[in-house]
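In case you want the letters, here they are:
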Amino acid sequence: MKKLLSNALLVIALLSLAVNHGWIGGGGIFPSPSGKHFVILHESEQDTPALTAEFTAIRTGDNAKFFKGKGYALEILDDDPQDQDGNPVPLVAKLNAEGVIPPSIFSLDTSDGVLSKAPLPAGVPAIMDFVKQHGG
Amino acid sequence: MDFDDKFLDLDFSKQPEFIFGAKEPKGLGRFSAYEDAVPVLSDADIDAAIEAMDAAGGGADRLVTRIYDQDGEGSCVANACSQSNEIVQGLQFGKDAVVHLSAMSLYKRIASGPNSGADVSDGLDAMIAGGVLPLDNPENRAKFGDKVMANIGWRNRYPDGWEAVAKNYRVVEAHVVRSVEGLMTALCNQHPVVVGRQGHSICYVRPFGSGRNRKVYYANSWSLNWGQALGDFKSGFGVDSQSTVRDASSWAFAVRSVTVPRKAA
(Lines give C-alpha, C1' and ligand atoms only; values in the text may rest on other atoms or scores of the structure.)
Protein backbone atom coordinates (compact mmCIF):
# COMPACT_ATOMS: atom_id res chain seq x y z
CA MET A 1 0.00 0.00 0.00
CA LYS A 2 2.82 2.34 0.95
CA LYS A 3 4.62 1.56 -2.31
CA LEU A 4 1.45 2.27 -4.30
CA LEU A 5 1.00 5.61 -2.57
CA SER A 6 4.61 6.51 -3.11
CA ASN A 7 4.39 5.63 -6.83
CA ALA A 8 1.22 7.71 -7.20
CA LEU A 9 2.91 10.68 -5.55
CA LEU A 10 5.88 10.27 -7.86
CA VAL A 11 3.63 10.26 -10.94
CA ILE A 12 1.80 13.39 -9.71
CA ALA A 13 5.11 15.15 -9.06
CA LEU A 14 6.43 14.25 -12.51
CA LEU A 15 3.23 15.37 -14.21
CA SER A 16 3.29 18.64 -12.30
CA LEU A 17 6.92 19.19 -13.30
CA ALA A 18 6.13 18.46 -16.93
CA VAL A 19 3.16 20.83 -17.01
CA ASN A 20 5.06 23.56 -15.20
CA HIS A 21 7.92 23.34 -17.65
CA GLY A 22 5.71 23.22 -20.69
CA TRP A 23 6.87 19.73 -21.64
CA ILE A 24 3.22 18.84 -21.96
CA GLY A 25 0.07 20.87 -22.24
CA GLY A 26 1.35 23.47 -24.68
CA GLY A 27 2.34 25.92 -21.94
CA GLY A 28 5.68 27.21 -20.80
CA ILE A 29 8.19 29.25 -22.71
CA PHE A 30 7.30 27.46 -25.88
CA PRO A 31 3.61 27.66 -26.68
CA SER A 32 4.01 24.86 -29.22
CA PRO A 33 0.70 23.01 -29.16
CA SER A 34 1.12 19.41 -28.09
CA GLY A 35 -2.17 17.97 -29.39
CA LYS A 36 -4.28 18.35 -32.50
CA HIS A 37 -4.18 21.99 -33.42
CA PHE A 38 -4.85 24.66 -36.01
CA VAL A 39 -2.72 27.33 -37.62
CA ILE A 40 -3.97 30.34 -39.56
CA LEU A 41 -1.32 32.04 -41.67
CA HIS A 42 -1.66 35.60 -42.88
CA GLU A 43 0.62 38.32 -44.20
CA SER A 44 0.11 41.09 -41.69
CA GLU A 45 1.16 43.71 -44.25
CA GLN A 46 -1.96 42.73 -46.12
CA ASP A 47 -4.25 42.65 -43.10
CA THR A 48 -7.59 44.33 -43.59
CA PRO A 49 -10.04 45.49 -40.94
CA ALA A 50 -12.42 42.70 -41.97
CA LEU A 51 -9.76 39.98 -41.65
CA THR A 52 -8.38 41.12 -38.30
CA ALA A 53 -11.92 41.51 -36.97
CA GLU A 54 -12.40 37.83 -37.77
CA PHE A 55 -9.23 36.95 -35.87
CA THR A 56 -10.35 38.88 -32.82
CA ALA A 57 -13.80 37.31 -33.00
CA ILE A 58 -12.16 33.87 -32.98
CA ARG A 59 -10.02 34.83 -30.00
CA THR A 60 -12.91 36.05 -27.85
CA GLY A 61 -16.36 35.10 -26.60
CA ASP A 62 -18.01 31.81 -27.54
CA ASN A 63 -15.45 30.99 -30.21
CA ALA A 64 -12.58 31.17 -27.71
CA LYS A 65 -14.67 29.07 -25.32
CA PHE A 66 -15.17 26.48 -28.07
CA PHE A 67 -11.43 26.11 -28.64
CA LYS A 68 -10.79 25.88 -24.92
CA GLY A 69 -13.60 23.40 -24.38
CA LYS A 70 -12.32 21.13 -27.14
CA GLY A 71 -8.71 21.54 -26.08
CA TYR A 72 -7.74 22.77 -29.54
CA ALA A 73 -4.86 25.18 -29.79
CA LEU A 74 -4.95 27.81 -32.51
CA GLU A 75 -2.07 29.95 -33.65
CA ILE A 76 -2.68 32.95 -35.90
CA LEU A 77 0.71 33.69 -37.37
CA ASP A 78 2.33 35.99 -39.83
CA ASP A 79 3.53 33.96 -42.80
CA ASP A 80 7.16 34.90 -42.14
CA PRO A 81 7.51 34.86 -38.36
CA GLN A 82 10.71 34.64 -36.34
CA ASP A 83 11.55 32.39 -33.44
CA GLN A 84 13.34 33.61 -30.34
CA ASP A 85 16.69 33.59 -32.14
CA GLY A 86 15.46 35.53 -35.15
CA ASN A 87 15.25 32.40 -37.31
CA PRO A 88 12.30 31.38 -39.48
CA VAL A 89 9.81 29.09 -37.74
CA PRO A 90 10.17 25.63 -39.34
CA LEU A 91 6.48 24.75 -38.98
CA VAL A 92 5.45 27.91 -40.84
CA ALA A 93 8.01 27.26 -43.58
CA LYS A 94 6.53 23.77 -43.94
CA LEU A 95 2.97 25.10 -44.11
CA ASN A 96 3.95 27.77 -46.64
CA ALA A 97 5.36 24.99 -48.79
CA GLU A 98 1.90 23.38 -48.88
CA GLY A 99 1.06 25.89 -51.60
CA VAL A 100 -2.00 27.55 -50.10
CA ILE A 101 -1.73 31.32 -50.46
CA PRO A 102 -2.35 33.12 -47.15
CA PRO A 103 -4.66 33.79 -45.51
CA SER A 104 -4.88 30.05 -45.05
CA ILE A 105 -5.86 27.55 -42.40
CA PHE A 106 -4.38 24.18 -41.49
CA SER A 107 -5.35 21.44 -39.10
CA LEU A 108 -2.40 19.52 -37.75
CA ASP A 109 -1.88 16.28 -35.88
CA THR A 110 0.20 15.84 -32.74
CA SER A 111 3.38 15.66 -34.80
CA ASP A 112 2.59 18.78 -36.81
CA GLY A 113 1.54 16.63 -39.78
CA VAL A 114 -0.92 18.42 -42.03
CA LEU A 115 -4.37 16.82 -41.80
CA SER A 116 -6.18 19.41 -43.89
CA LYS A 117 -5.51 22.76 -45.50
CA ALA A 118 -7.55 25.43 -47.21
CA PRO A 119 -7.66 29.11 -48.07
CA LEU A 120 -9.12 30.79 -44.99
CA PRO A 121 -12.90 30.56 -45.41
CA ALA A 122 -14.71 33.90 -45.59
CA GLY A 123 -16.38 34.90 -42.34
CA VAL A 124 -16.13 33.67 -38.77
CA PRO A 125 -18.93 31.08 -39.05
CA ALA A 126 -17.19 29.47 -42.04
CA ILE A 127 -13.84 29.41 -40.21
CA MET A 128 -15.47 27.80 -37.19
CA ASP A 129 -17.17 25.28 -39.50
CA PHE A 130 -13.75 24.33 -40.85
CA VAL A 131 -12.48 23.87 -37.31
CA LYS A 132 -15.47 21.77 -36.30
CA GLN A 133 -15.26 19.70 -39.46
CA HIS A 134 -11.55 19.02 -39.15
CA GLY A 135 -11.20 18.96 -35.40
CA GLY A 136 -12.62 15.50 -35.03
CA MET B 1 -20.13 54.60 -28.47
CA ASP B 2 -20.52 55.76 -24.89
CA PHE B 3 -17.49 57.13 -23.18
CA ASP B 4 -16.82 58.91 -19.92
CA ASP B 5 -15.82 62.50 -20.73
CA LYS B 6 -13.99 62.64 -17.42
CA PHE B 7 -11.27 60.70 -19.23
CA LEU B 8 -11.37 62.60 -22.55
CA ASP B 9 -8.31 64.49 -23.82
CA LEU B 10 -6.63 64.58 -20.45
CA ASP B 11 -3.76 66.92 -19.91
CA PHE B 12 -1.63 64.21 -18.37
CA SER B 13 0.70 66.65 -16.68
CA LYS B 14 -2.19 67.88 -14.51
CA GLN B 15 -3.29 64.45 -13.31
CA PRO B 16 -2.36 63.33 -9.78
CA GLU B 17 -1.06 60.02 -11.15
CA PHE B 18 1.27 61.74 -13.61
CA ILE B 19 4.99 61.35 -13.41
CA PHE B 20 7.16 62.40 -16.31
CA GLY B 21 8.05 59.34 -18.33
CA ALA B 22 8.12 59.91 -22.08
CA LYS B 23 10.97 61.89 -23.59
CA GLU B 24 10.77 63.33 -27.07
CA PRO B 25 11.83 60.46 -29.30
CA LYS B 26 15.04 61.03 -31.21
CA GLY B 27 15.19 57.89 -33.24
CA LEU B 28 11.77 56.94 -34.58
CA GLY B 29 12.92 57.98 -38.04
CA ARG B 30 15.12 54.90 -38.27
CA PHE B 31 12.11 52.59 -38.37
CA SER B 32 10.12 51.91 -41.51
CA ALA B 33 6.80 53.74 -41.79
CA TYR B 34 3.50 51.95 -41.30
CA GLU B 35 2.14 53.99 -44.15
CA ASP B 36 4.80 52.55 -46.49
CA ALA B 37 4.20 48.96 -45.41
CA VAL B 38 0.43 48.74 -45.16
CA PRO B 39 -2.16 50.29 -47.48
CA VAL B 40 -3.61 53.37 -45.75
CA LEU B 41 -7.39 53.34 -45.56
CA SER B 42 -9.50 56.14 -46.97
CA ASP B 43 -11.69 58.22 -44.67
CA ALA B 44 -14.74 56.29 -45.79
CA ASP B 45 -13.00 52.95 -45.23
CA ILE B 46 -11.97 54.02 -41.74
CA ASP B 47 -15.55 54.99 -40.89
CA ALA B 48 -16.82 51.67 -42.26
CA ALA B 49 -14.21 49.72 -40.31
CA ILE B 50 -15.10 51.53 -37.10
CA GLU B 51 -18.79 50.87 -37.64
CA ALA B 52 -18.07 47.16 -38.16
CA MET B 53 -15.84 47.13 -35.07
CA ASP B 54 -18.62 48.65 -32.97
CA ALA B 55 -21.07 46.08 -34.31
CA ALA B 56 -18.64 43.28 -33.43
CA GLY B 57 -18.30 44.56 -29.87
CA GLY B 58 -14.79 45.97 -30.14
CA GLY B 59 -11.36 45.71 -31.66
CA ALA B 60 -7.95 45.14 -30.13
CA ASP B 61 -9.37 46.35 -26.81
CA ARG B 62 -10.87 42.87 -26.52
CA LEU B 63 -7.36 41.39 -26.61
CA VAL B 64 -6.22 43.37 -23.57
CA THR B 65 -5.63 40.90 -20.73
CA ARG B 66 -4.20 43.22 -18.12
CA ILE B 67 -4.13 46.86 -17.03
CA TYR B 68 -0.62 47.88 -16.07
CA ASP B 69 0.35 49.81 -12.96
CA GLN B 70 3.58 51.82 -13.13
CA ASP B 71 2.99 52.82 -9.50
CA GLY B 72 4.62 56.25 -9.52
CA GLU B 73 7.76 55.32 -11.45
CA GLY B 74 8.58 57.02 -14.75
CA SER B 75 8.22 53.78 -16.69
CA CYS B 76 5.15 54.61 -18.78
CA VAL B 77 7.00 53.98 -22.06
CA ALA B 78 7.93 50.46 -21.00
CA ASN B 79 4.41 49.81 -19.71
CA ALA B 80 2.81 50.96 -22.98
CA CYS B 81 5.35 48.95 -25.01
CA SER B 82 4.71 45.80 -22.97
CA GLN B 83 0.94 46.28 -23.33
CA SER B 84 1.30 46.33 -27.13
CA ASN B 85 3.40 43.15 -26.99
CA GLU B 86 0.78 41.35 -24.88
CA ILE B 87 -2.07 42.39 -27.20
CA VAL B 88 -0.28 40.88 -30.19
CA GLN B 89 0.53 37.75 -28.16
CA GLY B 90 -3.21 37.51 -27.49
CA LEU B 91 -3.95 37.60 -31.20
CA GLN B 92 -1.23 35.12 -32.17
CA PHE B 93 -1.56 32.57 -29.36
CA GLY B 94 -4.88 33.32 -27.65
CA LYS B 95 -5.72 35.34 -24.56
CA ASP B 96 -5.25 32.36 -22.25
CA ALA B 97 -1.72 31.89 -23.55
CA VAL B 98 -0.54 35.48 -23.05
CA VAL B 99 2.59 35.69 -20.93
CA HIS B 100 2.30 38.85 -18.86
CA LEU B 101 5.46 40.89 -18.97
CA SER B 102 7.60 42.96 -16.63
CA ALA B 103 7.71 46.55 -17.85
CA MET B 104 10.58 47.16 -15.43
CA SER B 105 12.70 44.61 -17.26
CA LEU B 106 12.35 46.81 -20.34
CA TYR B 107 12.55 50.17 -18.57
CA LYS B 108 15.88 49.39 -16.89
CA ARG B 109 17.47 49.09 -20.34
CA ILE B 110 16.13 52.34 -21.74
CA ALA B 111 16.24 54.71 -18.75
CA SER B 112 18.87 56.16 -16.49
CA GLY B 113 16.85 56.22 -13.28
CA PRO B 114 13.45 55.44 -11.74
CA ASN B 115 12.05 58.79 -12.80
CA SER B 116 14.27 59.67 -15.76
CA GLY B 117 11.64 58.61 -18.26
CA ALA B 118 12.53 57.05 -21.59
CA ASP B 119 12.31 57.55 -25.31
CA VAL B 120 9.51 55.69 -27.13
CA SER B 121 11.91 54.73 -29.91
CA ASP B 122 14.32 53.19 -27.38
CA GLY B 123 11.41 51.17 -26.01
CA LEU B 124 10.71 49.77 -29.44
CA ASP B 125 14.40 49.11 -30.09
CA ALA B 126 14.76 47.19 -26.84
CA MET B 127 11.62 45.14 -27.49
CA ILE B 128 12.94 44.18 -30.92
CA ALA B 129 16.51 43.51 -29.83
CA GLY B 130 16.20 41.79 -26.47
CA GLY B 131 12.54 41.37 -25.63
CA VAL B 132 10.85 41.62 -22.25
CA LEU B 133 11.09 39.34 -19.22
CA PRO B 134 7.93 37.68 -17.91
CA LEU B 135 6.21 39.28 -14.95
CA ASP B 136 6.90 37.85 -11.52
CA ASN B 137 3.59 36.13 -10.76
CA PRO B 138 2.72 32.57 -9.70
CA GLU B 139 1.92 31.42 -13.26
CA ASN B 140 5.19 32.70 -14.65
CA ARG B 141 7.20 31.44 -11.65
CA ALA B 142 5.84 27.98 -12.43
CA LYS B 143 6.92 28.28 -16.07
CA PHE B 144 10.12 30.27 -15.86
CA GLY B 145 11.45 29.74 -12.35
CA ASP B 146 13.37 32.80 -11.20
CA LYS B 147 13.68 34.22 -14.74
CA VAL B 148 10.95 36.76 -13.99
CA MET B 149 10.82 40.32 -12.70
CA ALA B 150 8.32 42.55 -10.92
CA ASN B 151 6.57 45.24 -12.93
CA ILE B 152 7.93 47.98 -10.66
CA GLY B 153 11.10 48.57 -8.69
CA TRP B 154 14.03 50.25 -10.39
CA ARG B 155 16.42 48.62 -7.92
CA ASN B 156 15.36 45.10 -8.83
CA ARG B 157 18.15 43.10 -10.39
CA TYR B 158 17.94 40.97 -13.47
CA PRO B 159 18.09 37.26 -12.68
CA ASP B 160 21.09 35.42 -14.06
CA GLY B 161 20.46 34.25 -17.59
CA TRP B 162 17.45 36.54 -18.05
CA GLU B 163 18.32 37.25 -21.67
CA ALA B 164 17.54 33.68 -22.76
CA VAL B 165 13.97 34.03 -21.52
CA ALA B 166 13.32 37.67 -22.49
CA LYS B 167 14.22 36.98 -26.12
CA ASN B 168 11.12 34.80 -26.38
CA TYR B 169 9.04 37.95 -25.94
CA ARG B 170 10.45 40.20 -28.63
CA VAL B 171 8.61 42.35 -31.13
CA VAL B 172 9.35 41.23 -34.68
CA GLU B 173 7.43 43.59 -36.98
CA ALA B 174 6.68 47.17 -36.01
CA HIS B 175 6.60 50.52 -37.77
CA VAL B 176 6.73 54.16 -36.89
CA VAL B 177 3.40 55.85 -37.61
CA ARG B 178 3.71 59.15 -39.45
CA SER B 179 0.12 60.38 -39.82
CA VAL B 180 -3.30 60.32 -38.24
CA GLU B 181 -4.56 58.35 -41.24
CA GLY B 182 -1.81 55.78 -40.74
CA LEU B 183 -2.57 55.59 -37.04
CA MET B 184 -6.29 55.09 -37.64
CA THR B 185 -5.52 52.46 -40.28
CA ALA B 186 -3.33 50.58 -37.81
CA LEU B 187 -6.09 50.62 -35.20
CA CYS B 188 -8.70 49.53 -37.73
CA ASN B 189 -6.33 46.65 -38.54
CA GLN B 190 -6.20 45.97 -34.78
CA HIS B 191 -2.47 46.63 -34.62
CA PRO B 192 -1.90 48.35 -31.24
CA VAL B 193 -0.19 51.75 -31.37
CA VAL B 194 2.15 53.03 -28.66
CA VAL B 195 2.22 56.83 -28.46
CA GLY B 196 3.79 59.51 -26.32
CA ARG B 197 2.32 62.90 -25.52
CA GLN B 198 2.77 65.47 -22.76
CA GLY B 199 5.52 63.42 -21.14
CA HIS B 200 3.38 60.29 -20.86
CA SER B 201 3.08 57.14 -22.95
CA ILE B 202 -0.06 55.05 -23.56
CA CYS B 203 -1.21 52.27 -25.86
CA TYR B 204 -4.00 53.10 -28.33
CA VAL B 205 -6.29 50.12 -28.85
CA ARG B 206 -9.52 51.08 -30.55
CA PRO B 207 -10.97 53.90 -32.66
CA PHE B 208 -14.61 54.94 -32.48
CA GLY B 209 -16.86 57.69 -33.81
CA SER B 210 -16.86 59.02 -37.34
CA GLY B 211 -15.48 61.87 -39.39
CA ARG B 212 -14.26 64.77 -37.26
CA ASN B 213 -15.73 63.13 -34.18
CA ARG B 214 -13.42 60.16 -34.33
CA LYS B 215 -11.81 59.25 -31.06
CA VAL B 216 -9.48 56.58 -29.76
CA TYR B 217 -9.52 54.47 -26.60
CA TYR B 218 -6.19 53.81 -24.94
CA ALA B 219 -5.01 51.44 -22.25
CA ASN B 220 -3.23 53.45 -19.58
CA SER B 221 -0.79 52.20 -16.94
CA TRP B 222 -2.24 53.94 -13.92
CA SER B 223 -3.80 50.78 -12.43
CA LEU B 224 -7.43 49.72 -12.27
CA ASN B 225 -8.10 52.59 -9.89
CA TRP B 226 -8.10 54.95 -12.87
CA GLY B 227 -10.06 55.24 -16.07
CA GLN B 228 -13.20 53.93 -17.67
CA ALA B 229 -14.45 50.48 -18.61
CA LEU B 230 -13.65 48.77 -21.92
CA GLY B 231 -13.21 45.22 -23.18
CA ASP B 232 -12.90 42.82 -20.25
CA PHE B 233 -12.16 45.58 -17.73
CA LYS B 234 -14.26 47.85 -15.57
CA SER B 235 -11.59 50.58 -15.61
CA GLY B 236 -8.12 51.41 -16.90
CA PHE B 237 -8.92 53.11 -20.22
CA GLY B 238 -8.96 56.73 -21.41
CA VAL B 239 -10.10 58.52 -24.57
CA ASP B 240 -8.35 60.90 -26.98
CA SER B 241 -10.18 62.94 -29.59
CA GLN B 242 -8.77 63.22 -33.10
CA SER B 243 -7.01 66.53 -32.41
CA THR B 244 -5.17 64.98 -29.48
CA VAL B 245 -4.45 61.89 -31.57
CA ARG B 246 -2.89 64.23 -34.13
CA ASP B 247 -0.45 65.52 -31.49
CA ALA B 248 0.33 61.99 -30.34
CA SER B 249 0.83 60.61 -33.84
CA SER B 250 4.24 62.23 -34.10
CA TRP B 251 5.54 59.91 -31.35
CA ALA B 252 3.94 56.66 -32.35
CA PHE B 253 4.62 53.14 -33.50
CA ALA B 254 2.39 50.18 -34.40
CA VAL B 255 3.15 46.52 -33.66
CA ARG B 256 2.22 43.82 -36.18
CA SER B 257 3.88 40.68 -34.86
CA VAL B 258 5.86 39.22 -31.97
CA THR B 259 8.23 36.29 -31.65
CA VAL B 260 6.95 32.75 -32.06
CA PRO B 261 9.06 30.93 -29.45
CA ARG B 262 9.96 27.40 -30.41
CA LYS B 263 12.07 24.63 -28.93
CA ALA B 264 15.28 24.04 -30.85
CA ALA B 265 15.02 21.11 -33.25
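Up top is the structure these notes are about.
The shown structure was predicted, so the numbers you read here are calculated from the model rather than taken from an experiment.

(A) Seen up close, the sheet that holds strand β6 (residues 215-219) of chain B. Residue and element names in this part refer to chain B. As summarised here, the arrangement of the seven strands in space is β3-β9-β4-β5-β6-β8-β7, forming an open sheet in which the pairing is antiparallel. A single partner strand is all that each edge strand has here, and the edge strands are β3 (171-177) and β7 (228-230). Across the sheet, the mean angle separating the axes of adjacent strands is 45 degrees when strand polarity is ignored. Bridge count between β3 and strand β9 (residues 252-258): six bridges; the pairing is antiparallel.

(B) Local environment of helix α3 (residues 76-93) of chain B. Residue and element names in this part refer to chain B. Relative to the 26 Å expected for 18 residues at 1.5 Å per residue, α3 spans 25 Å between its end C-alpha atoms, a close match to the ideal helical length. α3 sits mainly inside the fold: 18 of its 18 residues count as buried. G94, located one to two residues past α3, shows a positive phi value of around 105 degrees.

(C) Structural context of the sheet that holds strand β4 (residues 114-119) of chain A. Residues and elements named next belong to chain A. Spatially, four strands are ordered β2-β1-β3-β4 in an open sheet, and the strand pairing comes out mixed. Edge positions in the open sheet fall to β2 (73-78) and β4, since each of these has one partner strand only. Here the strands of the sheet are splayed against their neighbours by 15 degrees on average, with no regard to which way each runs.

(D) Region of interest: unusual backbone geometry. Residues P102(A) and P103(A) are joined by a peptide bond in cis, for which omega reads 5 degrees. Along the chain, P103(A) turns up in the loop between α4 (90-96) and β3 (104-108). Positive phi, normally seen in glycine, also occurs at D9(B), with a value near 50 degrees. For D9(B), a relative accessible area of 30% puts it in the partly exposed group. Not every positive phi belongs to a glycine, and Q190(B) is a case in point at roughly 60 degrees. Topologically, Q190(B) is positioned in the loop between α8 (180-188) and β4 (193-197).

(E) A look at the packing of α3(B) against helix α5 (residues 120-129) of chain B. Residue and element names in this part refer to chain B. At a minimum axis separation of 9 Å, α3 and α5 run at an interaxial angle of 45 degrees. Considering the angle they form, α3 stands oblique to α5. When you trace α3 past α5, the crossing you get is right-handed. For the pair α3 and α5, contact is made by V77, C81, S82, S84 and N85 and by V120, G123, L124 and M127, respectively. Taken together, the residues that form the contact of α3 with α5 break down as five nonpolar, four polar and no charged.

(F) Up close: the environment of L187(B). All names here are of chain B. Tracing the sequence through the fold places L187 in helix α8. According to the relative accessible area criterion, L187 is buried, its value standing at 0%. Setting aside residues up to four positions removed in sequence, L187 forms contacts with M53, V193, Y204, V205, R206, P207 and V216.

(G) Here's a closer look at the environment of A118(A). All names here are of chain A. Inspection of the secondary structure assignment puts A118 in strand β4. Residue classification places A118 among the buried residues on the basis of a relative accessible area of 16%. On a C-alpha basis, the gap between A118 and F106 in space is 6.7 Å, while along the polypeptide they are twelve residues apart. Other than its neighbours up to four places away in sequence, A118 contacts V100, S104, I105 and F130.

Reading guide: rules and limits
- Residues numbered from 1 in each chain as written.
- Chains lettered and ligands numbered in written order.
- Predicted model: local features only at pLDDT ≥ 70, side-chain atom pairs only at ≥ 80, totals over all residues.
- Heavy atoms only, no water.
- Pairing = 2+ DSSP bridges.
- Helix = DSSP H or I, 4+ residues; strand = E, 2+ residues; numbered from the N terminus.
- Axes fitted to C-alpha atoms, helices over the stretch in contact; angles between N-to-C directions.
- Expected span 1.5 Å × (residues − 1).
- Buried < 20%, exposed > 50% of the residue type's maximum accessible area, 1.4 Å probe, protein only.
- Parallel < 35°, antiparallel > 145°, perpendicular 65-115°, else oblique.
- Left-handed = near helix turned anticlockwise from the far one by under 90°.
- Contact = heavy atoms within 4.5 Å.
- Nonpolar A, V, L, I, M, F, W, Y, C, P; charged D, E, K, R; others polar.

Any link to function would need more than the numbers given here.
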